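Tertiary structure, described
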Amino acid sequence: MKLTGALSLTTAVAAWAATGLVATVLADGAASAVKVLTNNDFLSWTRDQNLALVEFYAPWCGYCQAMAPAYEMAAEALKKNSIPLAKVDCTVETSVCDDMGIEGFPTLKVVKDGSFAPYNGTRQEAGIVDYMRKHSKPALQKIKPVNFDNFIDSSHIVVAGFLDDDAKDLAALKAIAEESVDEYLFGYVSDKSVAKKFGVPYPGIAVFKDFDTRKDIFEFTRDAGQIRRAVRSSSIPVLGELSAQTFGTYVRSGIPIGLLFYDSKEMRQKLHDEFLDLAIKYKQQLSLALVDARIYHKHAKSLNLQSKWPAFAIQEPTKNLKYLFPHFRVLTAEKIDEFVNDFVSGKIEPNFKSQPIPAKNDAGVFELVAKQFNDVVFDRSKDILIEFYAPWCIYCKRMAKAYTDLGDTFKENHNMVIAKMDGTANEIPSGDPGFQFPGFPTIVLVRAGDNAVIRYNGDRTLKSLIGFIKKHAVHSAIYEKPAAVENTDNVEKAAEAQQHVYIEAPKDALGYSPKETRHIEL
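Counting of residues starts from 1 at the beginning of each chain's written sequence and follows it residue by residue. In keeping with the model being predicted, local features are shown solely for residues with a pLDDT of at least 70 and side-chain atom pairs are shown and tallied solely at 80 or more, while totals for entire chains, interfaces and linings include all residues. Note that water and hydrogens are dropped before the side-chain values are worked out from all heavy atoms of the structure.

**A word on the overall build of the protein chain**
- Along its length, the protein chain carries 17 helices and 20 strands.
- A buried classification covers 49% of the 522 residues belonging to the protein chain.
- Contacts are assigned to residue pairs that have any heavy atoms within 4.5 Å of one another. In the protein chain, 72% of the contacts between residues at least 6 apart in sequence involve partners at least 24 apart.
- For the area figures, the Shrake-Rupley method with a 1.4 Å probe applies, and any residue is considered shielded solely by the protein chains shown. For the protein chain, the computed accessible surface area is about 24500 Å², with 51% contributed by carbon and sulfur atoms. Runs of H or I in DSSP of at least four residues are treated as helices and runs of E of at least two as strands, each being numbered from the N terminus. Note on classification: 1.4 Å probe, protein chains only; a residue is buried when its accessible area is under 20% of the maximum for its type, exposed when over 50%, partly exposed between these limits.

Right, dumping it as structure tokens:
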């Protein structure tokens, strides 16, 4: 998975002492429940599976080691459901992993009749088992009244419809069930006595869960959007704990998150008591959550919070936006109520780490900073090529001359902007996935007209960069041809050492090396 600025909660990784857990024969001599696949049997085995899960791993990968016990236990638990789990060692079975486009470890894929889909569940045993069992059933299943009690206890979150077999009613619920099959178990019952037993109007919807309120009840509507919002808001605990295990649930809900950071057991209890009513009040607009700053201090730092607790910030992960409650103000429920109300009303501007806007910026390469990012980058009248770099990155330094020459080449074309941005000193104020990059340097073109974000994957030479612009930009004319362009072969020779590789960033910076650390750091 690719690392993003919005996802920076830190997880513990198993030590090398745990490497024995990834063996195909367990320490006690029992045979592993996980099937080992090779180049020779991968295609034939996956073609024969109605439903299965495959892990692509590397023995040296700490995240793979950390997940190994849970994966083994999940494989054992899913035997009774006839859902096999398998794994592929990508350091040995290289052709399979190359054909599958595996870029990092562990990568998990769901197999259905020879077709592959991304696995979007957790890496814990319960999460794997729950996820695969959901995928073994229809997205929306009709439940017999006699089986209803067992049905609502069969998963962490169960969405139940109480309605007749009306095609239009079922279509609305089924649409949400099909798009949310990774997260929730859906079913419906056509029996008014069952609805009465659980205090649900008929027709109606109830979300059964194994936390806080245990059950949330909603009137039925054919508006899929209303059903979606109701289910997502209900799936988030009221003033729950934000952690590596729960962060994905908060993100997938699509609702902004209000983070209350604490650094002691006593402070946590005080915040919980003081802010519970506020969490209930804004449940539909904001998921208020408690975060342990002692564990997730890096996430607090990524939000630009100072290490003074308690602290509060609002995060919109899907948009990569954050809003900070001023650290110098006393944090009370009354003041946070005002802050959240202003946020919901659109009165608060998001916060970004940014260098100052340069006083002078008329060189061939435009110095881009976060404060002016949206105004410059999304100007539909212009194409803009952006290099995201780090001052310490040797590969950025090696390509610096070629990039400077590129800026000089297009300097007279005022509709083709060549820009660079220090990715360690500026945050990207955009949730567009095109700006989520794996390392330095990363180069993208934002095309004029439609603002499409196109990733550059060519050689880091002047000739190749010009060719990319000619192919993809709307405004690619060169009005003045500098001497540097007259013999691009010489430029290529001068840059022959510029291999297309990434340099791994420090742990507190954005950037990592492909096929090594491509994991969301939770």
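**Structural notes on the packing of helix H6 (residues 167–179) against helix H8 (residues 224–234)**
- Between H6 and H8, the least distance of the axes is 9 Å, while the angle of their chain directions is 50°. On the basis of the axis angle, H6 is oblique to H8. Where H6 crosses over H8, the two elements pack in a sense that is right-handed. Note on element contacts: H8 touches H6 through Ala224, Ile227, Arg228 and Arg232, opposite Ala172, Leu173, Ile176 and Glu179.
- Residues are grouped as follows: nonpolar covers Ala, Val, Leu, Ile, Met, Phe, Trp, Tyr, Cys and Pro; charged covers Asp, Glu, Lys and Arg; every other residue, Gly included, is treated as polar. When the residues that make up the contact of H6 with H8 are grouped by side-chain class, the tally is 5 nonpolar, no polar and 3 charged. The convention used is that axes are lines fitted to C-alpha atoms, helices contributing only their stretch in contact, and that angles between N-to-C directions extend from 0 to 180 degrees. Any angle that is under 35 degrees is reported as roughly parallel, and any over 145 degrees as roughly antiparallel; angles of 65 to 115 degrees are reported as roughly perpendicular and all others as oblique. When the near helix sits turned anticlockwise from the far one by under a right angle, the crossing is termed left-handed; a clockwise turn instead gives a right-handed crossing.

**Here we look at the packing of aromatic side chains**
- Aromatic rings from Phe, Tyr and Trp, taking only the six-membered ring of Trp, are treated as a pair when their centres fall within 6.5 Å; an angle between ring planes under 30 degrees marks them as stacked, one over 60 as edge-to-face, and anything in between as tilted. One pass over the structure, following the stated rule, counts 20 aromatic pairs.
- Aromatic pair Tyr323 and Phe343: ring centres 4.9 Å apart, planes at 65°, arrangement edge-to-face. A residue pair is termed long-range when its members are at least 10 positions apart, and Tyr323 in strand E15 (residues 321–324) and Phe343 in helix H12 (residues 333–344) qualify at 20 residues. The same class applies to Tyr323 and to Phe343, which are both buried.
- Counting every residue linked through ring pairs, the aromatic cluster contains Phe148, Phe151, Phe162, Phe198 and Phe208.
- Both a distance and an angle decide whether a charge sits over a ring: NZ of Lys or CZ of Arg must be within 6 Å of the ring centre and within 35 degrees of the ring normal. Looking at Lys420, its charged tip hangs above the ring of Tyr389, at a distance of 5.5 Å from the centre.

**Focus on the pattern of salt bridges**
- Salt bridges, as used here, are contacts in which a Lys or Arg side-chain nitrogen is within 4 Å of a carboxyl oxygen on Asp or Glu. Taken as a whole, this structure holds 18 salt bridges when the rule is applied.
- Residue Glu76 pairs with Lys79 through a salt bridge whose shortest N-O separation is 3.4 Å.
- Glu76 gets classed as partly exposed once you look at its relative accessible area, which sits at 44%.
- In this structure, a network of salt bridges that share partners links the residues Asp166, Asp169 and Arg222.

**Observations regarding H6**
- A helix is expected to span 1.5 Å for every residue after the first. Taking 1.5 Å per residue as the helical rise, H6 with its 13 residues ought to reach 18 Å, and the 18 Å between its terminal C-alpha atoms agrees with that figure.
- Buried residues along H6 sit against strand E6 (140–142), strand E7 (157–162), strand E8 (185–189), strand E9 (204–209) and H8.

**Overview of unusual backbone geometry**
- For the bond from Phe105 to Pro106, the omega torsion is -10°, close enough to zero to count as cis.
- The topology assignment puts Pro106 in the loop between helix H3 (94–99) and strand E4 (107–112).
- Going from Tyr202 to Pro203, the amide bond is cis rather than trans, its omega being 0°.
- In this fold, Pro203 is placed in the loop between helix H7 (192–197) and E9.
- For Ser82, which is not glycine, the phi torsion reads 55° and is therefore positive.
- Tracing the backbone shows Ser82 in the loop between helix H2 (62–77) and strand E3 (85–89).
- Relative accessible area serves as the criterion here: at 62%, Ser82 is assigned to the exposed category.
- Although it is not a glycine, Asn304 adopts a positive phi angle of roughly 70°.
- Tracing the chain through its elements places Asn304 in the loop between helix H11 (297–302) and strand E14 (311–316).

**A word on the environment of Phe42**
- Structurally, the position occupied by Phe42 is in helix H1 (residues 42–47).
- Residue classification places Phe42 among the buried residues on the basis of a relative accessible area of 3%.
- Sequence separation of Phe42 and Val54 is 12 residues, and the distance between their C-alpha atoms is 10.0 Å.
- Not counting the four nearest positions on each side in its chain, Phe42 is found in contact with Leu37, Val54, Phe56, Val88, Val96, Met100 and Phe116.

**Quick look at empty space enclosed by the protein**
- Here a cavity means grid points, on a 1 Å grid over the protein atoms only, where a 1.4 Å probe fits yet cannot get out; a pocket means an open set of points with protein on both sides within 12 Å along at least five of seven lines; lining residues are those with an atom within 4 Å of a point. Grid points are joined across faces, edges and corners, and a volume is the space filled by probe spheres set on the points. As enumerated under the stated definition, the model contains 3 cavities of 30 Å³ or more in all.
- Here the second largest cavity is characterised by a volume of approximately 70 Å³.
- Every residue along the wall of the second largest cavity is listed here: Ser233, Ile236, Pro237, Val238, Leu239, Ile255, Ala279, Lys283, Leu286, Ser287 and Leu288.
- The class makeup of the residues in the lining of the second largest cavity is 8 nonpolar, 2 polar and 1 charged.

**Some words on the sheet that holds E3**
- Any two strands with at least two DSSP bridges between them are considered paired. Here we have 5 strands laid out as an open sheet, ordered E1-E3-E2-E4-E5, and mixed in their pairing. Of all strands in the sheet, those with a lone pairing partner are strand E1 (35–36) and strand E5 (115–118), marking the two edges.
- Pairing geometry for E4 and E5, over 4 bridges, is antiparallel. Paired with Val111 across the strands is Phe116, a residue of E5.
- On the sheet, H2 packs against strand E2 (52–57), E3 and E4 and is oriented at approximately 160° with respect to E2.

**Observations regarding the pairing of strand E10 (residues 215–219)**
- Pairing analysis gives 5 bridges linking E9 to E10, with the strands arranged antiparallel. Of the residues in E10, the one forming a bridge with Ile205 is Phe218.
- The turn joining E9 and E10, which pair antiparallel and follow one another in sequence, is formed by 5 residues; a positive phi near 25° is taken by Asp212.

**Topic: the sheet that holds strand E16 (residues 366–367)**
- With mixed pairing, the 5 strands of this open sheet are ordered in space as E16-E18-E17-E19-E20. Two strands in the sheet have a free side with no partner beyond their single neighbour: E16 and strand E20 (453–455).
- When strand E17 (residues 383–389) meets strand E18 (residues 416–422), the two strands line up parallel, connected through 7 bridges. Bridge pairing in E18 places Ile384 opposite Val417.
- Strands in contact with helix H15 (residues 400–409) are E17, E18 and strand E19 (442–446); relative to E18, the strand with the most contacts, it is inclined by about 145°.

**Brief notes about the side chain of Lys322**
- Within the secondary structure, Lys322 sits in strand E15.
- In the analysis that follows, any N or O atom pair within 3.5 Å is treated as a polar contact, provided that within protein one partner can donate a hydrogen and the other can accept it, and provided that, for residues neighboring in sequence, both atoms belong to side chains. In this structure the side chain of Lys322 is engaged in a polar contact, spanning 2.5 Å, whose partner is the side chain of Glu427.
- Leave out the neighbours within four places in its chain, and Lys322 touches Ser302, Leu303, Asn304, Ile314, Gln315, Pro350, Asn351 and Glu427.

Functional significance is not addressed by these values, which are geometric in nature.
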